[in-house]
Every structure is written in C-alpha cells, then in structure tokens.
Amino acid sequence: MRSQTSPDVENPTRTSLLDADYGYVPTLDPTLPPQPQETRQQPSKPILLLISGLLAIGLLVALIVGNVHIETHDNDVPSPERRNPIEQGVSEKSFGLPGDVPPFSWTDEILAWQAPVFHFTPGKNWMNGPVFYKGWYHLFYQYSPAAPVWGLIVWGHAVSRDMVHWRHLPIAMETDEWYDVNGVWTGSTTILPNNELVVLYTGSTNDSVQVQNLAYPANPSDPLLVNWVKDPANPVLVPPKWINKKDFRDPTTAWLTPEGKWRMVIGTKVNKTGIAILYDTDDFKSYELQDTWLHQVDGTGMWECVDFFPVSKEDDGLDTGVIGPDIKHVLKASMDDDRCDYYAIGNYNPKTGKWVPDNAKIDVGIGLRYDYGIYYASKTFYDQNKKRRVLWSWIKETDSENSDIKKGWASLMAVPRTVALDPLTGSNLLQWPIEELDKIRSDLNEFDEIKLEPGSLVPLDVGPTSQLDIMVEFELDKKITNGLSVAAGVPYNCAGHGGAGVRDAFGPFGLLVLANQNLTEHTPTYFYIVKDKKGVYSTFFCIDQSRSSIAKDVDKSIYGSTVPVLEGEKLSMRILVDHSIVEGYAQGGRTCITSRVYPTEAIYDNAQLFLFNNATNITVTASLKTWKMGLMTKNESGWVWLGPSLILVVVFFFVVWTWQNQRKNRS
Amino acid sequence: MNFSSPLTILFTLLLLHETLYSTMADQKFIENTCKGTPSPNLCLKILLANPKSQNSDLTDLALIGVAAVKDKGVEIIRQIVALKSSKPKLRPTLNYCEEAYHAVVYADVPSSSEALRGGLAKFAEDGMADSAVESQACERSFSEHGWMSPMTDSNKAMNDVANVVRAIIRMLL
C-alpha cells in the first residue's frame, strides 16, 4: 500500500482523497462476470459466511486506513517523539465550595485541543527564507528535530500553492559541514534576474563562530527545490574583526545597487548600539563591507533578523531593489534584548548607502512594532506571483516546557500577512491576513447593530468557536469619534491599564473569545479609549490574557498598543482564533497583536464568544460577521466516508448477487 | 640559579603580586556579576564552588550556573523518587513534579547550555526562566490538591538558582 505519511515528491499535485484510499487490492474482484453455476458445486453457507466475513474485515481495514490517510494529508506534522507518555494518575478533581476554582492539572485532552488547525505548525520552529519559486510558495523554517525546545537547528521545508495548505518536504539543509555543524540558522533567498535562486544563510561553525554560507538548489528545474547544494567555497563571509564572532547573523535578501552590485544587510552590535551593516558582492562569493553603516540606534542591543524593503502609497508591494522619488524604505530588526520586532519608515539613499528614519523618536528598536504580542524573528518576501509583500513570523509557546513535551510540539507561524504602507497616515504599516485565508471560511453568521449599553455582556450563538474569523465594527457617539486622533505622545501600553476587567468611562469594550459559560476563563480583545488632560482621545487596542486560563504556569500578560484612528472612522477589529493562538488586527491592520492562550475549560464545545461593554459612560453599537475557519480535518471531511461507503455498497450487492445465485440453484 | 639573590626574590614577589591581583580582579568580576542577580550570596556560592570560575568570562560563568541548575534538578528528582515510596498518597502530584523536573534537566538545561555556547543568549534565558516556572508549578500542585508540600525547600532552591542564572544570562544580551 502506498504510504501517505512520507511526502510524495514525485507527485507534487495533491492527489485526490479517492486515489489515496484506493491503494489496496480488494480481496475479491466483484467485476468478474458470473460463472455458469450448473456444472459447479453450490457455494456452501460456511464459505459464503467466510467471504462475507473477509469483506467485512476488508471494510473495517479500509475504514481505519482511510481515516489514517486523511489525518496525514493536510497537516502532515513530523512531530518529535513523545517523551514519557503520561499516565493520568492525577487525583480526581476535587471540587471545592461553590465559587472556588477547582485545582487544575493538564490532561492529554486539554493539551490536544491546543494544536492550531489553520496555522503552519511543525515541531519547534523559527523563521527563515520564504520565497515564491516556479509556482510554489516555499517556507524554510528553523527546525529543532530533537525536542520541542531550541537545540541543534536544521532547515525544515514545506511548500504550498496558497500559503494555507502545506505539503511537508524533507529537511532542506542539515548540519553536515564544519561551518554549520552547530546550526543551520537563518538565511534569505535572492532571486537573480535570470530566475536563478541563491540562498545566503548563517552557519554556526564547530567553534560556534557565526559565518555566512552560500547554497543553491541542486536542481533548479525542480519546482519543489527539494535538494540543496552548499558551495564548496563556504564560508563566503566571516565576521569582521571589530565584531564579536557570535554577533554576525541573518543576512537579508540582496538587491541591485545603481552600480550593478548585489547588496545585502546584516545586523550586529557594537557595545549596546544595534547596527545594520552593508555588504556588496558581484557573485555572492566575495564581499566588500561598506564603510557607511545602513543605520544604528544606541541602546537597542543586538539586531537580529534585519529586514529592509521599499514601500509606497501607490503600490501594495514592491520588489526589494525598487527605488524612486515616492518610495520609502522600511528598516526592521528583531531586538535580542526584548524579543520584539520593531520597524521604522524612512528614506534610503542608494548612493550613500544610508537610511534615515522619518521620525527619529520612533526609530528602529524604540518605536513601532509589527505586533504587540508574541511575534519574533519575522521576515518579509516579495511575492512576484501576486505582486505583494508578505510577512511571516515565528510565534513561540508561552506555556511551560513540561506541557510542550507532553503535547509533543512547540512553536508555530502566525498567518502570513500582506504588509504595505498605510496610504492614509503614511507613518505606519498595515498588515492583513492574506486573502487566501478567505477560502477556508464557512458558516457565516451576521449580527447587525447590537446595542451594548454600559455593562453589557452578549453571548453570540455561532457554533464552535475554537476556529473563527471575526470581523467587528463598533459605532460610538459621534462626539467621541470626531475627537479621536492619531495617537501621539501616549506610551504604547495596554498592560498599564489593568486589563478588560477594569472599567473606565470609555472602555474597555470588545469581544470575549475562548470564554466558558461562567467566564472563569476568557480572553478579551478590546478597545479602550482614553482622554488626556487636553481633551485629546487616544484609542488602545489590547488582548488580555490575565484570565485566559486558570492554569498558573502560562503567561498572563496584557498586550497591545495605541492604534491610529482617523476622523469619522468606526473602530474595527478582525480576530482570528485558532485554538491556542489568537491574532488581532485593529483599524485594518494598523496595530496587530498575537496572543497565545491555554484555556483548560473554554475548549472544544465549551469555548464560546461574547460581546461586551465594560465602559461606564458610553453605549457602543456592534455589527459583526463570524466565519468558521477550517482546513479539511478528519472530523470535517465528508470524503472520508466515500471510500468505505462504496465498499459497503459493493459488499451489499455481492452478497445479494450470491444470495440470488443460491436461490437460483436451489430452485 | 641563585635562589637567595635579591633579583630572584623580587621577581618571585612580583609574580606573587601579579597572581594576587589577577585573582582579586577575577574575584571582583564575579562579585560584580553576582551583584546584578536577585540573590548575590547564592550566586557567589554557586560560582565560587567551581574553580574554573576564576578564569571565566560572562558566558562561562553562565554555563557554570546552568550546570548548577542541572545538579540541583538531578538531586531533586532523586528526592522525588524517594518521596514516592515514603509518601505514596502524594504520588500523583509527585509524578507531576517528576515530569516538571525532567523538563528542567533534560530539555531546559541542554538547550540553555547549547544556546550559550552558540552565542544566542536569549534562548538560554528562556530555559532558565522555564526552570523557575517548573519549580513553582511543582510547589503549587501540592496545595492545589490539598496537600502540604514536602518539597518546599527544594522547589524554592531551584527557583532561586534558576533566577540567579537567568540574571547572569541577561547580562549577555
């Protein structure tokens, strides 16, 4: 039987489930013409019974195997070995007096719920070099095969037609050379003008020195880019003497300079100053360090995963090397110190090689963030297929390592987001889940103009809520909406306001996701409007994890930031719920928050959705749409039953046919 | 060589002086490092217990700290195994604690050591942060099930050591 568990690289198109099921030979061929019976012995009852029995077993096998096939199809997870499967010897939950929260223990059922369905999830992973090549989107990710914890890293590889449905491929690059034996770390792909593809990646050598290495596809005509070749000249770039040998990693995609050289950026630091340095090359094998640094910011520490790309108000996405009078450049870096991804918008001078931020007060590392929750080591790539720039990021777990070992996996990717300059403000980016995610929506529920007086809590009956796409708009009193401005001078801080339970004049109001009936567990995603002494309103967008779970070994922070709201705009948020990950987008993606939550009771059928208004002084009117989100899973796929149903029908007809023959013979 | 020659005596004295200074300098370095941790005395105890600390840079000191976390974890696992026979009623919770400390010794510690050697201090910090979390989770699991914890001192010790090492690692960022 052809196994579906190992990826079938010879057949890159998704085989239909029907074909997948039909890999076995039926025990009897029902299509043979009936033999003349007169000259043969009548088939006796025991034999008939035996045949029916075998067919029944065959049906059972097909049912089981059919289901196993489906499980490995859409979410082929090469999960790390489960260590020490836990015997549930925990004592019975002793329920205390009413009002007491019962003591809690992680069970396999609770842990199993946490696995997301429409987010990319292999074992343990970081971000690497996403690229679109020959009709396929490629995701190369940092993979730790040994355990759900950071360790020896190799390049995992998966491909997709739509960045939603993934096919896992073999490991692209292993730690098999002295220059990457301690880790095949982050790199970037550059597509050359002749459509050739090269990869520059960081290797940790046998002495743990960080060096840059060149690699390319072994077979460029293979659209799946399964096999890779490391250049014999590696390492092609070693740390300059004035930099610490362990502060030299994550080279960016290269672009062509006016002089016709390829230029790329590497982040590093000098003392506590984070810097981005430039290298030029003709052939990706020998590099010239540029005298001027692209940029630096004091006090920000090491810059990891630097990203540098053009944006403009007119275009949704620009290829890396584009320059022009209306083009701005975004410089982004992951701050080693505080585990956040920061970006700033500014101007790049290709002649001097310097980039200058529009607003030095919100420079790289001290200003705007892609996402105010758990979001790190992110990277963009230019999608030539749809002419857009797509952002990927690594989302870690915020539960205990013990739980990660028990559930067998850790870390995932946020949904891919398009990233573009906000044409209305010009001073921030907009991120939005890629439109391909709309394809996996189903079961639309619409609610129009629900009036939420102060203190309201409205349950929304939308069916299961562990996989949801919610788009909601809030209308407030015109007096307030006209006063909302682009937040200035207000610190980006939701944690300081104490969470959704703290009532104030103009907030908080929003949604409760992954909430159980009695609200002992709930995750509010909300707006919170604050008026300062001058009468200027600022709007905060927050996700509050403080009551997301009664478990005590999970993170309970409150994340968020101010969000620019322009005059006359309604307040809007889009929330993607996918089990233990909640992603929020406010005002079309001006401010984004990714949250990890680990409820113990608000799971499966007990997870519900509410609208709430905890403000004391305003009434809010909410209109929203919810969709169920899902890839075809074992439970949802109707195709699972087609195979076994057909077998059943065939068996039925065969038995009837045999029966008829028996009767004919007797008569 | 004339051992009693004034030159030789001077040379020997200078050598002694230098050694004394460099040891004092190393000691100062260790002291300063420990001052930046939540439990400076515990920090000194851990670091000075290992003679290698005298010639260590910050990464090496952190590695000594991680090794101390491992030793403590191994010791605590042994304690748990013994408790399982002496206090069978507590076995379910002790099982949970055993898993928690397993995570510390077999996942967090190796991950932190490897990250420190590779120069990626933040993953090392994560490992130590988790070690503290696991010790707290173990301690809480007793009270949550209505028992008195027989491991309070051990769990606190792990929590304190992990937090000290975490602080040292943060200095690398």
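Note that this is a predicted model, so its numbers are computed, not measured.

**Student:** So what's going on with the overall build of chain B? Which residues, and what values?
**Tutor:** On a plain count of helices and strands, chain B comes out with six helices and zero strands. Reading chain B from its N terminus to its C terminus gives the helix and strand order α-α-α-α-α-α. Rg of the C-alpha trace for chain B: 21 Å, well past the compact-globule value of 16 Å for 173 residues, more than 25% over. Taken over the C-alpha atoms alone, chain B extends approximately 75 × 35 × 25 Å along its principal axes. Split into buried and exposed, the 173 residues of chain B put 47% on the buried side. Taking the contacts inside chain B whose residues are at least 6 apart along the sequence as the reference set, 67% of them involve residues at least 24 apart. Of the accessible surface of chain B, which amounts to about 8,600 Å², a share of 62% is contributed by carbon and sulfur atoms.

**Student:** Account for the pairing of strand S3 (residues 136–143) of chain A, naming residues and giving values.
**Tutor:** Residue and element names in this part refer to chain A. Burial analysis of S3 places eight of its eight residues in the buried class, which makes it a mostly covered element. Looking at chain direction, strand S2 (residues 131–133) and S3 are connected through three bridges and run antiparallel. Within S3, the position partnered with valine 131 by the bridge is histidine 138. Connecting S2 to the next strand, S3, in antiparallel fashion are two residues, including lysine 134 with a positive phi near 50°. Two strands pair when backbone bridges link them, and S3 and strand S4 (residues 154–160) are joined in this way by seven bridges, in the antiparallel orientation. Opposite tyrosine 143, over in S4, you have valine 154 as the bridge partner.

**Student:** Would you mind going over the interface of chain A and chain B in detail, with residue names and values included?
**Tutor:** It is common to give the size of an interface as the accessible area lost on bringing the parts into contact. Of the residues lining the interface, 36 residues belong to chain A; the matching set on chain B comes to 31 residues. Interface area for chain A against chain B, summed over the two sides, is near 2,800 Å², with a carbon-plus-sulfur share of 50%. Our count for the contact surface shared by chain A and chain B stands at six salt bridges. Its salt-bridge partner being Lys122(B), residue Glu304(A) comes within 2.4 Å of it at the nearest N-O pair.

**Student:** Kindly report on the nonpolar core, identifying the contributing residues and their values.
**Tutor:** By size, the foremost hydrophobic cluster in this structure holds 70 residues, and its most contacted members are Leu460(A), Phe474(A), Leu511(A) and Leu611(A). Filtering out sequence-adjacent residues up to four positions away, Leu611(A) remains in contact with Ile450(A), Leu452(A), Ser456(A), Leu457(A), Val458(A), Leu460(A), Phe474(A), Gly510(A), Leu511(A), Ala622(A) and Leu624(A). Counting 48 residues, the second-largest nonpolar core is a separate cluster that includes Trp150(A), Trp185(A), Ile77(B) and Val104(B).

**Student:** Outline the pattern of salt bridges, supporting the account with residue identities and numerical values.
**Tutor:** Inspection of every chain in the model, using the stated rule, returns 43 salt bridges over all chains. Notably, a salt bridge pairs Asp371(A) with Arg417(A), separated by 3.0 Å at the nearest N-O pair. With Asp371(A) in the loop between strand S18 (354–357) and strand S19 (376–383) and Arg417(A) in strand S22 (residues 417–421), this pair connects stretches of sequence that are 46 residues apart. Grouping residues by exposure puts Asp371(A) and Arg417(A) together as buried. With a shortest N-O distance of 3.1 Å, Lys72(B) and Glu75(B) are connected by a salt bridge. Note that Lys72(B) and Glu75(B) are positioned in helix H3 (residues 58–86) at a spacing of three residues, about one turn of the helix. Shared partners join several salt bridges into a network, and the residues in it are Arg339(A), Glu125(B), Asp126(B), Arg166(B) and Arg170(B).

**Student:** Before we move on, can you summarise a nonpolar patch on the surface with the specific residues and values?
**Tutor:** A cluster of nonpolar side chains, Leu50(A), Leu54(A) and Ile57(A), forms an exposed patch at the surface whose accessible area comes to about 300 Å². Structurally, the position occupied by Ile57(A) is in helix H2 (residues 45–74).

**Student:** Describe the side chain of Ser403(A), listing the residues and the values that go with them.
**Tutor:** Residue and element names in this part refer to chain A. Within the secondary structure, serine 403 sits in helix H4 (residues 401–407). Classification of serine 403 by relative accessible area gives buried; the value is 3%. Non-local contacts of serine 403, meaning those with residues more than four positions away in its chain, are made with Trp106, Leu111 and Asp553.

**Student:** Now, about the UniProt feature "domain: Pectinesterase inhibitor" (unreviewed entry) in chain B: what can you tell me, with residues and values included?
**Tutor:** Residues given the UniProt feature "domain: Pectinesterase inhibitor" (unreviewed entry) here are residues 25–168 of chain B. Here residues 25–168 of chain B runs as 82% helix and 0% strand, with 18 Å between its end C-alpha atoms.

**Student:** Can you lay out empty space enclosed by the protein for me, pointing to particular residues and giving the numbers?
**Tutor:** All names here are of chain B. Under the defined criterion, the tally for this structure stands at five cavities of 30 Å³ or more. Of all the elements in the fold, those that place two or more residues in the lining of the largest cavity are helix H4 (91–118) and helix H5 (121–144). Top element by residues in the lining of the largest cavity is H5. It accounts for four residues. Grouping the amino acids of the lining of the largest cavity by side-chain chemistry returns six nonpolar, four polar and four charged.

**Student:** Give a description of the packing of aromatic side chains that names residues and reports values.
**Tutor:** Describing an aromatic ring pair means giving the distance of the ring centres and the angle of the ring planes. Residue and element names in this part refer to chain A. For the structure shown, the criterion picks out 30 aromatic pairs over all chains. Ring centres of phenylalanine 120 and tryptophan 166 lie 5.2 Å apart, and the angle between their planes is 70°; this geometry places the pair in the edge-to-face category. Placement of phenylalanine 120 in the loop between helix H3 (108–113) and strand S1 (125–126) and of tryptophan 166 in strand S5 (residues 166–173) is noted, with a sequence separation of 46 residues between them. Judged on exposure class, the residue phenylalanine 120 and its partner tryptophan 166 are both buried. Ring centres 6.2 Å apart and planes at 70° place the aromatic pair phenylalanine 248 and tyrosine 279 in the edge-to-face group.

**Student:** Residues and numbers for the confidence of the model for chain B, please.
**Tutor:** Taken over all residues, the pLDDT of chain B has a mean of 93, while the share at 70 or more is 98%. Across the predicted assembly, pTM comes out at 0.82 and ipTM at 0.89.

**Student:** Lay out the sheet that holds strand S9 (residues 228–230) of chain A with the relevant residues and their values.
**Tutor:** All names here are of chain A. Taken together, four strands build an open sheet; the order of strands is S6-S7-S8-S9 and the sheet is antiparallel. Every other strand in the sheet has two partners, leaving strand S6 (184–191) and S9 as the edge strands with one partner each. Each neighbouring strand pair of the sheet contributes to a mean axis angle of 30°, computed without reference to strand direction. Bridge count between strand S8 (residues 210–217) and S9: three bridges; the pairing is antiparallel. Paired with tyrosine 216 across the bridge in S9 is valine 229.

**Student:** Explain unusual backbone geometry residue by residue, including any values.
**Tutor:** All names here are of chain A. The peptide bond linking asparagine 234 to proline 235 adopts the cis configuration, its omega dihedral lying at -5°. Tracing the backbone through its elements, the reader meets proline 235 in the loop between S9 and strand S10 (255–256). Omega for the bond connecting glycine 507 with proline 508 falls within 30 degrees of zero, at 0°, which places this linkage in the cis form. If you check the backbone angles, asparagine 271 has positive phi at about 55° while not being a glycine. When you line up the elements, asparagine 271 lands in the loop between strand S11 (262–270) and strand S12 (273–281). The phi dihedral of cysteine 305 falls on the positive side, at around 40°, and the residue is not glycine. Along the polypeptide, cysteine 305 turns up in strand S15 (residues 303–311).

The rules behind these values
Residues numbered from 1 in each chain as written. Chains lettered and ligands numbered in written order. Predicted model: local features only at pLDDT ≥ 70, side-chain atom pairs only at ≥ 80, totals over all residues. Heavy atoms only, no water. Helix = DSSP H or I, 4+ residues; strand = E, 2+ residues; numbered from the N terminus. Rg over C-alpha atoms; globule rule 2.2 N^0.38 Å. Buried < 20%, exposed > 50% of the residue type's maximum accessible area, 1.4 Å probe, protein only. Contact = heavy atoms within 4.5 Å. Areas by Shrake-Rupley, 256 points an atom, 1.4 Å probe, with all protein chains shown as cover. Pairing = 2+ DSSP bridges. Buried area = accessible area lost by both parts, 1.4 Å probe. Salt bridge = Lys/Arg side-chain N within 4 Å of Asp/Glu carboxyl O. Core = buried A, V, L, I, M, F, W, Y, C linked by side-chain atoms within 4.5 Å. Patch = residues over 30% accessible without salt bridge, like charges linked within 9 Å, V, L, I, M, F, W, Y side chains within 5 Å. UniProt positions renumbered as here; feature names shortened; annotations may be inferred. 1 Å grid on protein atoms, 1.4 Å probe; cavity = no way out; pocket = protein on both sides within 12 Å on 5 of 7 lines; lining within 4 Å. Points joined across faces, edges and corners; volume = space filled by probe spheres on them. Nonpolar A, V, L, I, M, F, W, Y, C, P; charged D, E, K, R; others polar. Phe/Tyr/Trp six-rings, centres within 6.5 Å; stacked < 30°, edge-to-face > 60°. pLDDT = per-residue confidence, 0-100. Axes fitted to C-alpha atoms, helices over the stretch in contact; angles between N-to-C directions.

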